[in-house]
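Commentary on secondary and tertiary structure
Below are the chains, spelled out letter by letter.
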Amino acid sequence: MTLTHSCNTPWADNWLVDTGDDPPLHNGLSSFGKMVLAEMNRLGMIVDLAHVSVETMKAVLKLSKAPVIFSHSSAFSLCQNRRNVPDDVLKMVASKDSLVMVNFYNNYVTCRDTATLADVAGEGGAWAGRGVAVSPPNPAQPIPSAPTDHMDHVKKVAGALYVGFGGDYDGVT
């Protein structure tokens with residue numbers, strides 16, 4: 001269950017708090033939100049942080065007794081869309097054995113109206129081969145040694161065990 005969508009809830013602040021479009025109500029989680037999180041953990045529910053504010057991300061990752069997911073978010077340092085996950089939070093993801101499922105929606109990948117698969121998952125199959133080309137290299141477009149895509153970035157910061165693909169629940173149009 002996602003804790004918010006595009007509005008604050010009685011238990012958590014949403015991502016629009018970070019844009020300044022919504023005021024923070026809880027500075028992360030409310031007292032009730034901490035109870036909601038504890039109950040979700042008790043029931044074995046997956047907590048989804050894809051639409052929450054950075055403070056909510058940090059509070060949940062600090063307090064949760066179980067791994068959480070970002071069902072469709074990308075790396076903030078590569079595209080400064082507030083729906084994406086900052087590097088300090090990516091490090092917390094690893095410490096909680098959680099998962100960032102990289103979104104392939106253009107505005108969350110390139111911060112533009114267009115994106116390619118390479119923006120999400122690497123050039124020339126570099127990500128699939130753990131940094132080693134799995135397709136013949138193209139000298140005109142060498143495989144970069146540093147991550148240039150969201151999958152590689154999350155893998156570099158959080159670790160390979162903590163990254164996956166994620167669309168929205170209705171797909172991406």
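In what follows, the accompanying structure is described. Computed from a predicted structure; not experimentally measured.

Topic: the side chain of S53
Summarising the element assignment, S53 is placed in the loop between helix 2 (31-43) and helix 3 (54-63). Judged by its relative accessible area of 1%, S53 is buried. Within the local environment of S53, its side chain forms a polar contact with the side chain of T56, the two groups lying 2.9 Å apart. Those residues in contact with S53 that sit more than four places away from it in its chain are D13, N14, W15, V17 and D18.

Overview of helix 7 (residues 150-157)
For helix 7, the full list of buried residues reads H150, M151, D152, H153 and V154. Looking at the buried positions of helix 7, the neighbouring elements they touch are helix 4 (87-95), strand 2 (99-102), helix 5 (106-109), helix 6 (117-121) and strand 3 (163-165). The opening residue of helix 7, the one whose side-chain oxygen lies 3.1 Å from the backbone nitrogen of M151, is D149.

Notes on the state of the cysteines
Across all of its chains, the model carries one disulfide by this definition. A sulfur-sulfur distance of 1.9 Å marks the disulfide that ties C79 to C111. Since a negative S-S torsion denotes a left-handed disulfide, the C79-C111 link at about 110 degrees is right-handed. In this pair, C79 sits in the loop between strand 1 (69-70) and helix 4 while C111 sits in the loop between helix 5 and helix 6, placing the two residues 32 residues apart along the sequence.

What to know about the environment of F165
Position of F165 among the secondary structure elements: in strand 3. A relative accessible area of 45% means that F165 is categorised as partly exposed. Each C-alpha atom of the pair F165 and M101 lies 4.6 Å from the other, and the pair is 64 residues apart in sequence.

Looking at the packing of aromatic side chains
This model, assessed by the stated rule, comprises two aromatic pairs. Both rings, one in W11 and one in F32, keep their centres 6.0 Å apart while their planes meet at 65 degrees; by these two values the pair is edge-to-face. Highlighted residues: W11 in the segment before helix 1 (16-19) and F32 in helix 2, separated in sequence by 21 residues. Classification of W11 by relative accessible area gives partly exposed; the value is 22%. Consider the rings of Y105 and Y108, whose centres lie 5.0 Å apart with planes at 75 degrees: the pair is edge-to-face.

Quick look at the packing of helix 3 against helix 4
Across the interface, helix 3 lies against helix 4 with an axial gap of 10 Å and an inter-helix angle of 20 degrees. With respect to each other, helix 3 and helix 4 are oriented roughly parallel. Viewed along their axes, helix 3 and helix 4 form a crossing whose handedness is left-handed. Across the interface between the two elements, V54, M57, K58, L61 and K62 of helix 3 pack against D88, V89, M92 and V93 of helix 4. Taken together, the residues of the contact of helix 3 with helix 4 break down into six nonpolar, no polar and three charged.

Looking at the sheet that holds strand 1
Ordered in space as 1-2-3, the three strands form an open sheet in which the pairing is parallel. Only two strands of the sheet have a single neighbouring strand rather than two, namely strand 1 and strand 3. Pairing analysis gives three bridges linking strand 2 to strand 3, with the strands arranged parallel. Paired with M101 across the strands is G164, a residue of strand 3.

Conventions used here
Within any chain, residue numbers begin from 1 and follow the written order of that chain's sequence. Side-chain atom pairs in this predicted model are given and counted only at pLDDT of 80 or more, local residue features only at pLDDT of at least 70, and totals for whole chains, interfaces and linings cover all residues. The basis for the side-chain values is all heavy atoms of the structure; hydrogens and waters are excluded. Numbering of helices and strands runs from the N terminus, with a helix taken as a DSSP run of H or I at least four residues long and a strand as a DSSP run of E at least two residues long. Burial classification: accessible surface area is computed with a 1.4 Å probe over protein chains only, and a residue below 20% of its type maximum counts as buried, one above 50% as exposed, and the rest as partly exposed. Whenever a nitrogen or oxygen atom comes within 3.5 Å of another N or O atom, the pair is scored as a polar contact, on the condition that within protein one atom can donate a hydrogen and the other can accept it, and that pairs from neighbouring residues in sequence are kept only if both atoms are in side chains. Note on definitions: a residue-residue contact is assigned when non-hydrogen atoms from the two residues lie within 4.5 Å. Pairs of cysteine sulfur atoms within 2.5 Å are what we label disulfides. Working definition: a ring pair exists when centres of Phe, Tyr or Trp rings (six-membered ring for Trp) sit within 6.5 Å. Plane angles under 30 degrees give stacked, over 60 give edge-to-face, the rest tilted. Here the axes come from fitting lines to C-alpha atoms, over the contacting stretch only for helices, and the angles between their N-to-C directions go from 0 to 180 degrees. Geometric relationships in this document are graded by angle, where less than 35 degrees denotes roughly parallel, more than 145 denotes roughly antiparallel, 65 to 115 denotes roughly perpendicular, and other angles denote oblique. In this scheme, a crossing is called left-handed if the near helix is turned counterclockwise away from the far one by less than a right angle; it is called right-handed if the turn is clockwise. Each residue receives one of three labels: charged for Asp, Glu, Lys and Arg, nonpolar for Ala, Val, Leu, Ile, Met, Phe, Trp, Tyr, Cys and Pro, and polar for the others, Gly being one of them. Whether two strands pair depends on DSSP finding at least two bridges between them.

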